[in-house]
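# Working through the structure, step by step
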Amino acid sequence: MDNGASSYRRFLNGDESAFHEIMEALFRGLVFFINGYVHDMHAAEDLAMDAFSDLIVHPHRYNFKVSLKTYVYMLGRSRALDYLRHRKVLQFVDLSDADRLADEKELSEFVLADARKRTLSAAIGQLPEDMRVVIHLIYFEEMTYDEAARVMKKSRKQIDNLLYRGKKELRAILGKDGEQLL
Amino acid sequence: MRLIQEYTAEVFRRSEERIKKRKQTQKRILLCVTPVALCAILFTTGFLPELQQKNAPSNAQPEAIIGNSDGVTGDSADKNNGDLSRSLYVQVQIQSPAGSKTITEKQTVDTMHAAIVSATITPPESGAGNSVPSGDDVAPGDMGTAPQYTITFITKLGDQTVYTLSGSTLTQTNSGETTTLTDSQRKDLMDALQLPD
């Protein structure tokens, strides 16, 4: 599977429906991923849309050397970090908390389709950011270590270490029942 | 959460907006840069050479432009030897006690100029050069009794190089350089300038 690269190629050749396929495959996962950084569903949606619009505005920046998913997640991460930097300066007006929580629940139900993932996700929330993101990319988005390293702009060794430490902490959080989930 | 189609539509709308904005920015930059670039091109191609041409004669001797400066020293004098027959001058005015004459024939002007230049840069056979020659070799009239000639070379642009010849002393009044000529040099110069000895 090329994670959307062929669809993107079709889109570049003029097939707009191919872009819809890419959105179907990657959008919700990206929103969930960005939400892990910004902890704000609406902002995460916004940032994910901006990341996808980068694919249209700058079509030649993607070189097809990594999977499209990796590339889009890289864009998403960079947008999320930019947002966090700017948020320190700007004050955002929060939309209704109820709306946001409902959206968040709906999204997590979609992304964390099975019970195993849901249990893991709850535990992951207690981990430091880097560990949380690495575990999310590897276990939830099923990326390879190299792809996760690219998204996080870290070396493969660093990813390896983060994952090792993350799993260790998760075991401590989940207890004996959690052993089989990892 | 909205439907994926809605998100897709929103992504396309945002992209169009961004592309439009980018084009507007490019247009604005182009509008600013184009006149500046045009001005620069016009300045370098039209105005600058004219300006250089105007400035050149006032900063340097006309001869220096074509490389046969009168009274120059050192290696530039060697270069001059090869190209004495051509000059920028179009007219010579010679003032003598007998009267003044103006020569405008290019070939004659060039010949006269070449004679003057060779007299100033060719060392006399005695080896005295610009120094005062000794004894018999010096032409008569050094004691202030000799007639004085003023030779003025004029370029097309009106720039002048003036020489005075008094006895055996040839002086370029622009630079103030003085050359003492030997008898034979003086004779050759007088012949070239069509002056009676």
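Residues numbered from 1 in each chain as written. Chains lettered and ligands numbered in written order. Predicted model: local features only at pLDDT ≥ 70, side-chain atom pairs only at ≥ 80, totals over all residues. Heavy atoms only, no water.

### Observations regarding the confidence of the model for chain B
All names here are of chain B. Mean pLDDT over chain B: 75, with 71% of residues reaching 70 or higher. Under a pLDDT of 50 for its full length, residues 62–84 has, in the predicted model, 48 contacts with residues more than four places off or in other chains. Throughout residues 126–143 the model reports pLDDT below 50, and contacts reaching past four residues in sequence, or to other chains, amount to 32 contacts. This prediction of the complex comes with two scores: 0.53 for pTM and 0.73 for ipTM. (pLDDT = per-residue confidence, 0-100. Contact = heavy atoms within 4.5 Å.)

### Regarding the packing of helix 3 (residues 41–57) of chain A against helix 4 (residues 68–87) of chain A
All names here are of chain A. Following both chains from N to C, one finds helix 3 and helix 4 inclined at 130°, their axes separated by 9 Å at the closest point. Accordingly, the angle class assigned to the pair helix 3 and helix 4 is oblique. In this structure, helix 3 meets helix 4 at a crossing whose hand is right-handed. In contact with Ala43, Leu47, Asp50, Ala51, Phe52, Asp54 and Leu55 of helix 3, helix 4 contributes Leu68, Tyr71, Val72, Leu75, Gly76, Arg79, Ala80 and Tyr83. Here the contact of helix 3 with helix 4 is composed, by residue class, of 11 nonpolar, one polar and three charged. (Axes fitted to C-alpha atoms, helices over the stretch in contact; angles between N-to-C directions. Helix = DSSP H or I, 4+ residues; strand = E, 2+ residues; numbered from the N terminus. Parallel < 35°, antiparallel > 145°, perpendicular 65-115°, else oblique. Left-handed = near helix turned anticlockwise from the far one by under 90°. Nonpolar A, V, L, I, M, F, W, Y, C, P; charged D, E, K, R; others polar.)

### Section: the pairing of strand 1 (residues 89–96) of chain B
Residues and elements named next belong to chain B. As judged from the six bridges shared by strand 1 and strand 3 (residues 148–155), these two strands associate in the antiparallel manner. Looking at the pairing, tyrosine 89 lines up with threonine 155 of strand 3. In terms of strand pairing, strand 1 meets strand 2 (residues 99–103) through five bridges, oriented antiparallel. Paired with valine 92 across the two strands is isoleucine 103, which belongs to strand 2. (Pairing = 2+ DSSP bridges.)

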